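# Remarks on the overall topology
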Amino acid sequence: MMRSLNLTSQRQAVYDIVRNSHDHPTAAEVMNRLVEQGHNLAYGTVYNSLRYLADKQMIRELKLGEAASRYDARMDDHQHILCEVCGAVDEVMTHVPQEWMNSVAEETGYTLSHAHVVFGGVCPACRNKTLN
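Everything quoted here is computed from the prediction, not taken from an experiment.

Counting its regular elements, the protein chain contains five helices and five strands. Counted from the first residue to the last, the protein chain has its helices and strands arranged as α-α-α-β-β-β-β-α-β-α. For the C-alpha atoms alone, the extent of the protein chain along its principal axes is close to 55 × 50 × 20 Å. Counting the 132 residues in the protein chain, one finds 34% classified as buried. In the protein chain, 48% of the contacts between residues at least 6 apart in sequence involve partners at least 24 apart.

Moving on, we get to helix α2 (residues 27-36). For α2, the set of buried residues is Ala-27, Val-30, Met-31 and Leu-34. When α2 is viewed along its axis, its buried side chains cluster within an angular range of 100° and face the same direction. In the segment just after α2, Gly-38 is the residue with positive phi, at about 90°.

Under the counting rule described, the total for this entry stands at one aromatic pair. When the ring centre of Tyr-52 is taken as reference, the NZ or CZ atom of Arg-11 above it lies at 3.6 Å.

As recorded in UniProt, the feature "binding site: Zn(2+)" (unreviewed entry) lies at Cys-83, Cys-86, Cys-123 and Cys-126. Sequence-wise these annotated residues cover 44 residues; spatially they are packed, their C-alpha atoms never more than 8.3 Å apart. The topology assignment puts Cys-123 in the loop between β5 (118-121) and α5 (124-131). Contact partners of Cys-123, with chain neighbours within four places excluded, come to Cys-83 and Cys-86. On the secondary structure map, Cys-126 appears in helix α5. Look past the residues within four positions of Cys-126 in its chain and what remains in contact with it is Cys-83, Val-85 and Cys-86.

Its domain assignment divides the protein chain into domain 1 (1-75) and domain 2 (77-131). Put simply, the middle of domain 1 and the middle of domain 2, counted by C-alpha atoms, are 22 Å apart. Facing the nine residues of domain 1 at the interface are eleven residues of domain 2. Of the roughly 850 Å² buried between domain 1 and domain 2, counting both surfaces, carbon and sulfur atoms make up 56%. The closest approach of N and O atoms between Glu-91 and Arg-74, which form a salt bridge, is 3.1 Å. At the junction of domain 1 with domain 2, the criterion picks out six residue pairs in polar contact (both at pLDDT 80 or more). For the side of domain 1 that touches domain 2, the secondary structure elements donating two or more residues are β1 (60-62) and β2 (70-72). Residue classes in the side of domain 1 that touches domain 2 are distributed as three nonpolar, one polar and five charged.

About the thresholds
- All residue numbers refer to position in the chain's written sequence, counted from 1.
- At least 70 in pLDDT is required for a residue's local features to be given in this predicted model, at least 80 for side-chain atom pairs to be given and counted, and no such filter applies to totals for whole chains, interfaces and linings, which use all residues.
- Side-chain numbers come from the whole structure's heavy atoms, not from hydrogens or water.
- Secondary structure elements follow DSSP: runs of H or I of four or more residues count as helices, runs of E of two or more count as strands, with numbering from the N terminus.
- We call a residue buried when its accessible area falls under 20% of the maximum for its residue type, exposed when it is over 50%, and partly exposed in between, using a 1.4 Å probe and counting protein chains only.
- Contacts are assigned to residue pairs with any non-hydrogen atoms lying within 4.5 Å of each other.
- The reported arc concerns the directions from the helix axis to the C-beta atoms and nothing else.
- For Phe, Tyr and Trp, where Trp contributes only its six-membered ring, two rings pair if their centres lie within 6.5 Å, and the inter-plane angle classes them as stacked under 30 degrees, edge-to-face over 60, or tilted in between.
- Placement of a positive charge over a ring is assigned whenever Lys NZ or Arg CZ falls within 6 Å of the ring centre and within 35 degrees of the normal to the ring plane.
- UniProt positions are given in the numbering used here, feature names are shortened, and annotations may be inferred rather than shown by experiment.
- An automatic or database domain assignment supplies the residue ranges for each domain.
- Buried area: the accessible area, evaluated with a 1.4 Å probe, that two parts lose upon being put together, summed over both parts.
- Criterion for a salt bridge: a side-chain nitrogen of Lys or Arg within 4 Å of a carboxyl oxygen of Asp or Glu.
- Any pair of N or O atoms that falls within 3.5 Å is considered a polar contact. Within protein, one atom must be able to donate a hydrogen and the other to accept it, and sequence-neighbouring residues count only if both atoms are side-chain atoms.
- The residue classification treats Ala, Val, Leu, Ile, Met, Phe, Trp, Tyr, Cys and Pro as nonpolar and Asp, Glu, Lys and Arg as charged. All others, Gly included, are polar.

Next up, the structure:
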């Protein structure tokens, strides 16, 4: 089913920032990058555009235990890992094992449609800082 899109120039600019970012930016980071590119959008427009794009499943809103949501334009099945020191977010392409899905369904009684696992740890850059 094709979704009806109303992709205004502002929404397209926000989408382009998220799509071209590999660091899962927050709304504030999206705003800063828009300003760097010469766009003059209100914060409300950026937040509303992010919500619209997420609702239309063009981007994914990530709530990773931080205060601010992050955004990801990669819509294929993947997980995330969060650095507990600096807050960096990276993608993990390892799939959730079917055994986990079956165990969760059995334990909860839910019919599962998908899984999103967030791993936590210390990124290589932070780990190297503590070793020096």
